[in-house]
Structures are given as structure tokens and as C-alpha cells.
Amino acid sequence: MADPTAHFDGIIAGDRRSLRHHLALLAGLVAAGVIVLAVGVVLPLDDSSAVVELGGLLIGALGTIPLKQWMERRDRLVHVEFLRDRWRQLAGRQRPPETQLTRIENIVWTLYEQRAAG
């Protein structure tokens, strides 16, 4: 049976990189929303100030999308790290249970398929 440890490390590295990108996007959207909202509050633009304030709230609310994706990636990262550690624990035994190792290997391939599908 092949050792998927390198595959786990690749998936974990990709998820960590993705977490950083989602967090940066979240921060950018929230900052843009706060700036637009502040412009609407500070600069009295007559009737359009309410539109600017709503625009700022909308941009800030869009920050929930990358937040949701960040939370999903974080949860997946926890599970992949657990599977990696479990694989190492099982593979380190003198007589590793082949069915469990095969099951973990199948999960790795499923993760690859999901990643390739987008």
C-alpha cells in the first residue's frame, strides 16, 4: 500500500494557503465596507448618504462569504490532520489493519477529486 503522507501534506499546505487567502479577502471586504459606511456618515451627501451607508453595509455583509469558506476550510484542515496522524499511527504498527489504511487512502483520493472538481 502506498504511503499517502505526502498527499496529506500537500492537501494541508493547500488548505493553509487557502485559509490565508480567505482571511485576507474577508478583511479587505470588511475594511471596504467600513470605509464606504464612514464616508456616508461623515460626509453629508444629502439624499445619497443613505445609499452610501447601505452600500457600505452590503460590502461588509459580503464578508460573510469568505468567512463561511474560511470556517469550512479550517474544519476540513482539522479532519485531514487527524487522518494524517491516524495513518501514521496505524502504519507504525507491526501488523497494520489494511482495511483501515485502505479506507483512509480512499478518503485522500476523494479529497483530491473534490479539489479537482472545484
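Shown above is the structure to which this text applies.
Presented here is a report on the structure given in the accompanying data block. It should be emphasised that the depicted structure is a prediction, and the values quoted were computed from it without experimental measurement.

## A look at the nonpolar core
- Of all hydrophobic cores here, the largest spans 13 residues; its most connected members are Phe8, Ile11, Val80, Trp87 and Ile104.
- Secondary-structure elements contributing two or more residues to this core are helix H1 (5-42), helix H3 (64-91) and helix H4 (98-117).
- The element best represented in this core is H3, accounting for five residues.
- Every residue in contact with isoleucine 11, bar those within four places of it in the chain, is listed here: Arg76, Val80, Val108, Leu111, Tyr112 and Arg115.

## Some points on the side chain of arginine 76
- Among the structural elements, arginine 76 can be located in helix H3.
- Here the side chain of arginine 76 touches aspartate 15 through a polar contact of 3.0 Å, side chain to side chain.
- The residues touching arginine 76, leaving out its near neighbours within four places in the chain, are Ile11, Asp15, Leu111, Gln114 and Arg115.

## A look at the pattern of salt bridges
- This structure, assessed with the given rule, holds eight salt bridges.
- Between aspartate 15 and arginine 76 there is a salt bridge; the shortest N-O distance is 3.0 Å. Remark: arginine 76 occurs in helix H3 and aspartate 15 occurs in helix H1; sequence separation between them is 61 residues.
- You can call aspartate 15 buried: its relative accessible area is 0%.
- Taking relative accessible area as the criterion, arginine 76 reaches 18% and is therefore assigned buried.
- Here lysine 68 and glutamate 72 are joined by a salt bridge, their closest N and O atoms 2.8 Å apart. On the criterion of helical spacing, the pair formed by lysine 68 and glutamate 72 is a turn pair, its members being four residues apart in helix H3.

## Examining the side chain of histidine 22
- For histidine 22, the position within the fold is in helix H1.
- Setting aside chain neighbours within four positions, we find histidine 22 in contact with Pro66, Gln69, Trp70 and Arg73.

## Some details on H1
- An ideal rise of 1.5 Å per residue puts 56 Å on 38 residues; H1 measures up with 55 Å between its terminal C-alpha atoms.
- Those residues of H1 that fall on the buried side of the exposure criterion are Thr5, Phe8, Ile11, Ile12, Gly14, Asp15, Ser18, Leu19, His22, Leu26, Gly33 and Gly40.

## As for the packing of H1 against H4
- Put simply, H1 and H4 touch, their axes get as near as 11 Å, and they point 40° apart. When the axis of H1 is compared with that of H4, the two are oblique. Crossing geometry of H1 relative to H4 is assigned as left-handed. Contact residues: H1 offers His7, Phe8, Gly10, Ile11, Gly14 and Asp15, while H4 offers Ile104, Val108, Leu111, Tyr112 and Arg115.
- Residue classes in the contact of H1 with H4 are distributed as six nonpolar, three polar and two charged.

Calculation rules
Residues numbered from 1 in each chain as written. Predicted model: local features only at pLDDT ≥ 70, side-chain atom pairs only at ≥ 80, totals over all residues. Heavy atoms only, no water. Core = buried A, V, L, I, M, F, W, Y, C linked by side-chain atoms within 4.5 Å. Buried < 20%, exposed > 50% of the residue type's maximum accessible area, 1.4 Å probe, protein only. Helix = DSSP H or I, 4+ residues; strand = E, 2+ residues; numbered from the N terminus. Contact = heavy atoms within 4.5 Å. Polar contact = N/O pair within 3.5 Å; in protein donor to acceptor, adjacent residues only side chain to side chain. Salt bridge = Lys/Arg side-chain N within 4 Å of Asp/Glu carboxyl O. Expected span 1.5 Å × (residues − 1). Axes fitted to C-alpha atoms, helices over the stretch in contact; angles between N-to-C directions. Parallel < 35°, antiparallel > 145°, perpendicular 65-115°, else oblique. Left-handed = near helix turned anticlockwise from the far one by under 90°. Nonpolar A, V, L, I, M, F, W, Y, C, P; charged D, E, K, R; others polar.

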